[in-house]
Amino acid sequence: MREADRRRLSRARMAALGLTPALSSDGPVSALGVARELGALQAQDYGSGVWSLGVRSGLTLEQVEQAVRGREVVRTWPMRGTIHWVPAEDARWMCELLAAPRSTTLATRFAQLGLTEADVELSGRLFEEHLREPMSRPEVAALLVEHGIDPTDQRNYHLIGHHCMSGLICQGPVIGKQPSFVLIDSWVPHSRRLSREEGLATVAERYVRSHGPVTEKDLAGWLLKPLGLTREALALVGDRLVREDVDDQTWLTHAEARPAPDGPGGVHLLPQWDEFLLGYKSRDVTLPPEHFVKVVPGRNMVFKPTLVVDGEVAGTWRRVQKRSHVLLEVQPFVPLSASRWREVERAANAYGTFLGTDTEVVRVGPADGTA
């Protein structure tokens, strides 16, 4: 791909993802507003997930957690067997439509763990009876033990995940330092009811509008669904999509996409599982292949938090909690200019405002590329 085309696609994605300019630059935006705009945000790790909401909205951590307590957004397993933030009102239908919890992979994992169909059914009945109010993960494990189900060796995790994917339960607010789980019907004030076609169209349209330019393979990878279903979903969006051929690929953008900035995209400190990278099947537009191993050292989908400069991954960073502040070790791939480091400092200050603490940036030499 020509460098000019790659940069243009990257700038457009930064705008679509609510990063440059941030969604909050158009006026106050809620956590619910961000979740509706992006459709779903990867939240495998809680600390990374809340920052994905904060970096786009300008909200503090306390404000994001208030949105969770206020039942505006929930964290659950709507697709790919992975945890995301979604609008609370959409959690049930997204899980029912997209999660497909009884996949062959999950059935195999249940068999490996010695979980029987009777265990799955009993755990569902227990959750229906006892999770009308949020219950912490250790409390859920104790409930299973009380009724003869062994929760060890990730059995608790997989049973909870299964019933989240089926649309029965979702995560509630953090209790202490533990995630909690609760019946969707008890926790969510109103669950939207969409037909299969309405659901597919909503998912496809939100994805293209918030992630574009994308290919149909990007959407298939985001949903972890076959291309046939993906094409069906895109066809339902119809004339609201704009198609462009670049580098022998057809790229899709929403007709009402947020305009991309003309100039540089600025500097961002993004969490390790942000949609900026996890939202795409191919990451070559924003992560140069020669730097992939620096971001994913184990080549195992465990990403480091990223330093993004003008829409391209340009380094990694690490948070170190100190007694009175947070230290951020920032490691660019190549040396940065003094003006770029000032932008890094501003991005670090924004992260500190989100956390409600002071931050200190420590410069680490450019990554050497070794795994």
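Rules behind the numbers
- Note that residues are indexed from 1 along each chain, following the sequence as it is written.
- Restriction of local features to residues with pLDDT of at least 70 applies here, the model being predicted, together with a cutoff of 80 or more for giving and counting side-chain atom pairs; totals for whole chains, interfaces and linings are based on all residues.
- Excluded from the side-chain calculation are hydrogens and water; included are all heavy atoms of the structure.
- Put simply, DSSP marks the helices as runs of H or I at least four residues long and the strands as runs of E at least two long, and each gets a number from the N terminus on.
- C-alpha atoms define the radius of gyration, and 2.2 Å times the number of residues to the power 0.38 defines the globule rule.
- Burial here depends on accessible area, computed with a 1.4 Å probe over protein chains only, as a share of the maximum for the residue type. Under 20% is buried, over 50% is exposed, and the range in between is partly exposed.
- Two aromatic rings from Phe, Tyr or Trp, using only the six-membered ring of Trp, form a pair when their centres are within 6.5 Å; if the ring planes differ by under 30 degrees the pair is stacked, by over 60 it is edge-to-face, and anything between is tilted.
- As a reminder, the over-ring test applies to NZ of lysine and CZ of arginine, requiring each to be within 6 Å of the ring centre and within 35 degrees of the ring normal.
- A fitted line through C-alpha atoms serves as each axis, taken over the contacting stretch for helices, and the angle formed by two N-to-C directions is quoted from 0 to 180°.
- For classification, angles of less than 35 degrees are called roughly parallel, those exceeding 145 degrees roughly antiparallel, those between 65 and 115 degrees roughly perpendicular, and all remaining angles oblique.
- Only heavy atoms enter the contact rule, under which two residues are in contact if any of them lie within 4.5 Å.
- Residues are grouped as follows: nonpolar covers Ala, Val, Leu, Ile, Met, Phe, Trp, Tyr, Cys and Pro; charged covers Asp, Glu, Lys and Arg; every other residue, Gly included, is treated as polar.
- Here, a strand pair is defined by DSSP locating no fewer than two bridges between the strands.
- When the strands point away from the viewer and the path from the first strand over the helix to the second turns clockwise, the crossover is right-handed.

Participant: So what exactly am I meant to see when it comes to the overall build of the protein here?
Facilitator: If you tally the helices and strands in the protein, you get 16 helices and 13 strands. Over its C-alpha atoms the protein spans a radius of gyration of 21 Å, differing by no more than 12% from the 21 Å that the globule rule assigns to 371 residues. Across its three principal axes, the protein shows a C-alpha extent of roughly 60 × 55 × 40 Å. Looking at the protein residue by residue over its 371 residues, the buried ones come to 55%.

Participant: What is the right way to read unusual backbone geometry from this model?
Facilitator: Both trends apply: most residues other than glycine have a negative phi, and most peptide bonds are in trans. In this chain, threonine 20 is followed by proline 21 through a cis amide linkage whose omega measures -5 degrees. Examined against the element boundaries, proline 21 turns out to sit in the loop between α1 (3-16) and α2 (31-38). Along the chain, glycine 212 connects to proline 213 via a cis peptide bond; the corresponding omega equals 5 degrees. Mapped onto the elements, proline 213 comes out in the loop between α11 (196-211) and α12 (216-223). One non-glycine residue with positive phi stands out, namely aspartate 153, at about 55 degrees.

Participant: I would appreciate a short explanation of the packing of aromatic side chains in the present structure.
Facilitator: Any pair of aromatic rings gets described here by the distance separating the centres and the angle formed by the planes. Tallying each qualifying case throughout the model produces seven aromatic pairs. Ring centres of tryptophan 317 and tyrosine 351 lie 5.3 Å apart, and the angle between their planes is 75 degrees; on these two criteria the pair is classed as edge-to-face. One end of the pair, tryptophan 317, is in strand β11 (residues 312-321); the other, tyrosine 351, is in helix α16 (residues 338-355), and 34 residues separate them in sequence. Residue classification places tyrosine 351 among the buried residues on the basis of a relative accessible area of 5%. Relative to phenylalanine 354, the ring of tyrosine 351 has its centre 6.3 Å away and its plane inclined at 15 degrees; by these criteria the two rings are stacked. Taken together, the residues tyrosine 351 and phenylalanine 354, both in helix α16 and three residues apart, mark about one turn of the helix. Phenylalanine 354 matches tyrosine 351 in its accessibility class, with the two residues each being buried. The ring of tyrosine 280 carries arginine 13 above its face, with NZ or CZ at 3.7 Å from the centroid.

Participant: Just to check I follow, could you spell out the packing of helix α3 (residues 46-57) against helix α4 (residues 61-69) for this structure?
Facilitator: Angle between the axes and distance between the axes are the two parameters that describe a pair of packed helices. The interhelical angle for the contact between α3 and α4, taken along N-to-C directions, is 100 degrees, at an axis separation of 10 Å. With respect to α4, the axis of α3 lies roughly perpendicular. Here Tyr46, Val50, Leu53 and Gly54 of α3 lie close against α4, whose contacting residues are Leu61, Val64 and Glu65. Taken together, the residues of the contact of α3 with α4 break down into five nonpolar, one polar and one charged.

Participant: Any chance you could explain the pairing of strand β12 (residues 325-332) here in plain terms?
Facilitator: Residues in a regular strand point their side chains to alternate faces of the sheet. With six of eight residues buried, β12 is to be regarded as a mostly interior element. Across seven bridges, the pairing between β11 and β12 is antiparallel. Looking at β12, one finds that tryptophan 317 is bridged to valine 330. A loop of three residues connects β11 with β12, the two strands running antiparallel in sequence. Pairing geometry for β12 and strand β13 (residues 358-363), over six bridges, is parallel. Following the sheet pairing, valine 326 is matched in β13 by threonine 359. Read from β12 through α16 to β13, the crossover connection turns out right-handed.

This is a description of form; function is not addressed.
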